[in-house]
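What the coordinates show
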Amino acid sequence: MKFGVVVFPGSNCDRDVATVTEGLLQQPTRMVWHEESDISDLDVVVVPGGFSYGDYLRCGAIARFSPVMQATIKHAEQGKLVLGICNGFQVLTEAGLLPGALVRNRDLHFVCDRVPVKVERNDLPWTQGYQAGEVITLPIAHGEGSYYADPDTLAELEANGQVLFRYCTAAGEAENGSNPNGSLNNIAGICNHRGNVLGMMPHPERAAEPILGNTDGMKLFHGLLSAVAAIA
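Residues numbered from 1 in each chain as written. Predicted model: local features only at pLDDT ≥ 70, side-chain atom pairs only at ≥ 80, totals over all residues. Heavy atoms only, no water.

Here we look at the side chain of Asp55
Inspection of the secondary structure puts Asp55 in the loop between β3 (44-47) and α2 (67-77). One buried charged residue, Asp55, remains without a salt bridge, the closest side chain of opposite sign being Arg104 at 9.8 Å. Side chain to side chain, Asp55 and Asn87 meet in a polar contact 3.5 Å long. Among all residues touching Asp55, those that are not within four sequence positions of it are Gly50, Gly60 and Asn87. (Helix = DSSP H or I, 4+ residues; strand = E, 2+ residues; numbered from the N terminus. Buried < 20%, exposed > 50% of the residue type's maximum accessible area, 1.4 Å probe, protein only. Lys, Arg positive; Asp, Glu negative; His and termini not counted. Salt bridge = Lys/Arg side-chain N within 4 Å of Asp/Glu carboxyl O. Polar contact = N/O pair within 3.5 Å; in protein donor to acceptor, adjacent residues only side chain to side chain. Contact = heavy atoms within 4.5 Å.)

Right, here's the structure in full:
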């Protein structure tokens, strides 16, 4: 499996992702500069966290117009895999690859913590390394991570099972007190209708090896490899 990690001016989690895909998983990984338009060699495109273009205007608003994102849209339309993490999730909503928007946190504060997250389903490549209903712990670090969508879109996401990750208590309950940013329905990550595009605010790449104190995020990447192996 060949990964491509997008690099915008202001990206700061791109090397973290590459450390996982290339270093830990030993998979071919290419750093993709934002001005590139040919990504036909890639199986998975990862849009990492950070502050793309300095988050001028609003998070992800400028990045959506970059040549690499136009190529990423075509990549997704072909059914290939796209993962957006934190700022990457914001970019995917701005680009129209995922519905809704990420807005300022409920308390208007930047939050940096480790939080319980519930895996809602495990029948997609992104989550097949987990058990449905499993509660994992992942790091978060964002100021505009509150997921918002209009009532009809929200109802459609829930009906279609497009909510893959949800903030919760240690017991798996999606309560208001377990919601770190005010996301509607405690949403932490969603996929598109086809299931090949995932956006999530928590950082799985920051929970990928024992030295970090947590390896719950590594199951996401292992699941991807298993999915591709099964197809092959």
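Comments concerning the state of the cysteines
For the coordinates displayed, the defined rule picks out zero disulfides. Cys59 takes part in no disulfide bond, and the closest cysteine sulfur, belonging to Cys86, lies 8.4 Å away. Free of any disulfide, Cys86 has its nearest cysteine sulfur in Cys13, 6.7 Å distant. For Cys86, a relative accessible area of 6% corresponds to the buried category. (Disulfide = S-S within 2.5 Å.)

Topic: helix α3 (residues 87-94)
Of all the eight residues making up α3, eight are buried; the element is thus mostly covered by neighbouring parts of the structure. Residues of α3 that are buried include every one of Asn87, Gly88, Phe89, Gln90, Val91, Leu92, Thr93 and Glu94, and no others. Immediately downstream of α3, the backbone of Gly96 shows phi near 85°, a positive value.

Some remarks on helix α1 (residues 14-24)
For α1, every residue scored as buried is listed here: Asp14, Val17, Ala18, Val20 and Thr21. The buried residues of α1 occupy an angular sector of 160° when projected down its axis, which confines them to one face. Positive phi shows up at Gln26, right after α1, with a value of about 55°. (Arc of directions from axis to C-beta.)

Topic: the sheet that holds β3
Within a beta sheet, neighbouring strands are joined by backbone hydrogen bonds and run either parallel or antiparallel to one another. In space, the nine strands of this open sheet follow the order β2-β1-β3-β4-β11-β10-β9-β6-β7, with mixed pairing throughout. At either margin of the open sheet sits one strand with a lone partner, and together these are β2 (29-33) and β7 (135-142). With strand direction ignored, the average angle separating the axes of adjacent strands in the sheet is 25°. Note: strand β1 (residues 3-7) against β3, three bridges, orientation parallel. (Pairing = 2+ DSSP bridges. Axes fitted to C-alpha atoms, helices over the stretch in contact; angles between N-to-C directions.)

What about unusual backbone geometry?
Glycine aside, the phi torsion of most residues is negative, and most peptide linkages are trans. One non-glycine residue, Tyr53, lies in positive phi territory at about 55°. By the secondary structure assignment, Tyr53 is in the loop between β3 and α2. In the Ramachandran plot, Leu57 falls in the positive-phi region, its phi being about 70° despite a non-glycine side chain.

Side note on the packing of aromatic side chains
For the coordinates displayed, the defined rule picks out three aromatic pairs. Measuring from centroid to centroid gives 6.2 Å for Phe89 and Tyr147, while their planes differ by 15°, and the two rings are stacked. Of this pair, Phe89 sits in helix α3 while Tyr147 sits in strand β8 (residues 146-148); the two residues are 58 residues apart in sequence, bridging distant segments of the chain. Taking relative accessible area as the criterion, Phe89 reaches 1% and is therefore assigned buried. Centre to centre, the rings of Tyr130 and Phe165 are 6.4 Å apart; their planes meet at 90°, and the pair counts as edge-to-face. Highlighted residues: Tyr130 in the loop between β6 (111-119) and β7 and Phe165 in strand β9 (residues 163-167), separated in sequence by 35 residues. Judged by its relative accessible area of 1%, Phe165 is buried. A cation over a ring is seen here: Arg64 above Phe65, with NZ or CZ 4.6 Å from the ring centre. (Phe/Tyr/Trp six-rings, centres within 6.5 Å; stacked < 30°, edge-to-face > 60°. Lys NZ or Arg CZ within 6 Å of the ring centre and 35° of its normal.)

Here's the deal with the environment of Pro116
With respect to the helices and strands, the residue Pro116 is situated in strand β6. In this structure, the C-alpha to C-alpha distance between Pro116 and Val135, residues 19 residues apart in sequence, is 6.3 Å. Leaving out residues up to four positions away in the same chain, Pro116 has contacts with Val135, Ile136, Arg166, Tyr167, Cys168, Thr169 and Ala170.

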